[in-house]
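Overview (structure and organization)
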Amino acid sequence: MRRSLVIGNWKMNGSVQQMKSLIKDLSEVNLSSDVDVVVCPVSVYLSAAKVLLPKNIMLGAQNVAAFSDGAYTGEVSSTMLADVGVAYCIIGHSERRDYFSESNENVAEKVLKCLASELVPVVCVGELLEQRQSEQTLAVIAEQVDAVLSTVSDEQLDKLVFAYEPVWAIGTGLTASPEQAQEVHAFIRQKISDKSVDAAQRVQILYGGSVKADNADLLFSQSDIDGGLIGGASLVAESFAAIVNSAN
Ligand code: PGA
């Protein structure tokens, strides 16, 4: 039985003051203890967030360097993230693939860095609208997933989290239907299963892309959807809590 996991991706939003007030609100809402909950503030606020977060909410980062510590101006290494109490790290979000030209190879390198620092990598995969329309969805997902699966060892497989985020659904108000999402989630699980049947049963696969309190229930009721990666709706404590509690 897989535990549910819901991750809030705060992206490049807010200020110290707004983060404090969101964390205060999150400490006051009821969050199901059957769901693992993570929030990912912008990197410059991670240390402050760690001090403020209640014990039932874990800390995640939105990105990590593909390099070890050293002369990489502007980058933040996985050891530094671990050092300030980060437990999870989003890797290969479509905004990073698109605006920062991150390739499948970069994603695989970052996954290895996270694993070496005992951070859980949350590997984002997803197709563009034109790829879905031309029926390339599963081919695109296969390439993105294989880049990671071919890099990690069988023992490391268990430590991965995947997030299926159709690019056309991110921040647009459009969501994949529960059936569309389930098809891709089952496909990802099958790919993991080709390497290890046991790991495939344990790896959490999240859905992301305009998840809101009113569509979360149906998405999370699908057998291969183990929770969500939430953008916009994670910036308001009540809506994030409602989504977390739907994953119960
Ligand atoms: P959204 O973002 O929920 O605002 O669509 C999801 C994400 O980018 O992870």
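Whatever comes next refers back to the structure up there.
Below: a short report on this structure.

Parameters at a glance
Residues numbered from 1 in each chain as written. Predicted model: local features only at pLDDT ≥ 70, side-chain atom pairs only at ≥ 80, totals over all residues. Heavy atoms only, no water. Helix = DSSP H or I, 4+ residues; strand = E, 2+ residues; numbered from the N terminus. Rg over C-alpha atoms; globule rule 2.2 N^0.38 Å. Contact = heavy atoms within 4.5 Å. Areas by Shrake-Rupley, 256 points an atom, 1.4 Å probe, with all protein chains shown as cover. Lys, Arg positive; Asp, Glu negative; His and termini not counted. Charge placed at Lys NZ, Arg CZ, Asp CG, Glu CD. Core = buried A, V, L, I, M, F, W, Y, C linked by side-chain atoms within 4.5 Å. Buried < 20%, exposed > 50% of the residue type's maximum accessible area, 1.4 Å probe, protein only. Pairing = 2+ DSSP bridges. Axes fitted to C-alpha atoms, helices over the stretch in contact; angles between N-to-C directions. 1 Å grid on protein atoms, 1.4 Å probe; cavity = no way out; pocket = protein on both sides within 12 Å on 5 of 7 lines; lining within 4 Å. Points joined across faces, edges and corners; volume = space filled by probe spheres on them. Nonpolar A, V, L, I, M, F, W, Y, C, P; charged D, E, K, R; others polar.

What follows is about the overall build of the protein chain. For the protein chain, the helix and strand inventory stands at 12 helices and eight strands. Over its C-alpha atoms the protein chain spans a radius of gyration of 17 Å, differing by no more than 12% from the 18 Å that the globule rule assigns to 248 residues. Dimensions of the protein chain, computed from C-alpha atoms along their principal axes, come out at roughly 45 × 45 × 35 Å. Restricting to contacts in the protein chain with at least 6 residues of sequence separation, those with at least 24 account for 71%. When the accessible surface of the protein chain is split by element, carbon and sulfur atoms take 51% of a total near 11300 Å². Positive and negative side-chain charges in the protein chain, numbering 18 and 31 respectively, have mean positions lying 5 Å apart.

Ranked by internal contacts, the top residues of the largest apolar core, which has 65 residues, are Leu-26, Val-111, Leu-160, Phe-162, Ile-188, Ile-192 and Tyr-207. The element contributing the most residues to this core is helix H12 (residues 237-246), with five residues. With sequence-adjacent residues up to four places away left out, Leu-26 is seen in contact with Trp-10, Leu-31, Val-39, Ile-57, Ala-237 and Phe-240.

A few words on the sheet that holds strand E4 (residues 88-91). With parallel pairing, the eight strands of this closed barrel are ordered in space as E1-E2-E3-E4-E5-E6-E7-E8. Adjacent strand axes in the sheet meet at a mean angle of 25°, parallel and antiparallel pairs treated alike. Where strand E2 (residues 35-40) and strand E3 (residues 58-61) come together, two bridges link them in parallel fashion. Pairing of Val-39 across the sheet is with Leu-59, part of E3. Set on the sheet, helix H7 (residues 137-149) makes contact with strand E5 (120-125) and strand E6 (161-164); between it and E6 the angle comes to about 160°.

Another point: the layout of surface pockets. Rolled over the atoms, a probe sized like a water molecule indicates the empty space that remains. Taken as a whole, the largest pocket spans an internal volume of roughly 510 Å³. If you trace the largest pocket, you find 20 residues lining it, with Val-42, Gln-62, Asn-63, Arg-96 and Phe-100 closest to the centre. Element by element, the count of residues in the lining of the largest pocket is highest for helix H4 (residues 94-99), at three residues. Residue composition of the lining of the largest pocket, grouped by class: 10 nonpolar, six polar and four charged. Approximately 340 Å³ is the volume found for the second largest pocket. For the second largest pocket, the lining is made up of 21 residues, of which Arg-97, Gly-126, Leu-128, Gln-144 and Val-167 are closest to its centre. Taken together, the elements giving at least two residues each to the lining of the second largest pocket come down to H4, E5 and H7. Ranked by the residues each element gives to the lining of the second largest pocket, the list is headed by H4, at five residues.

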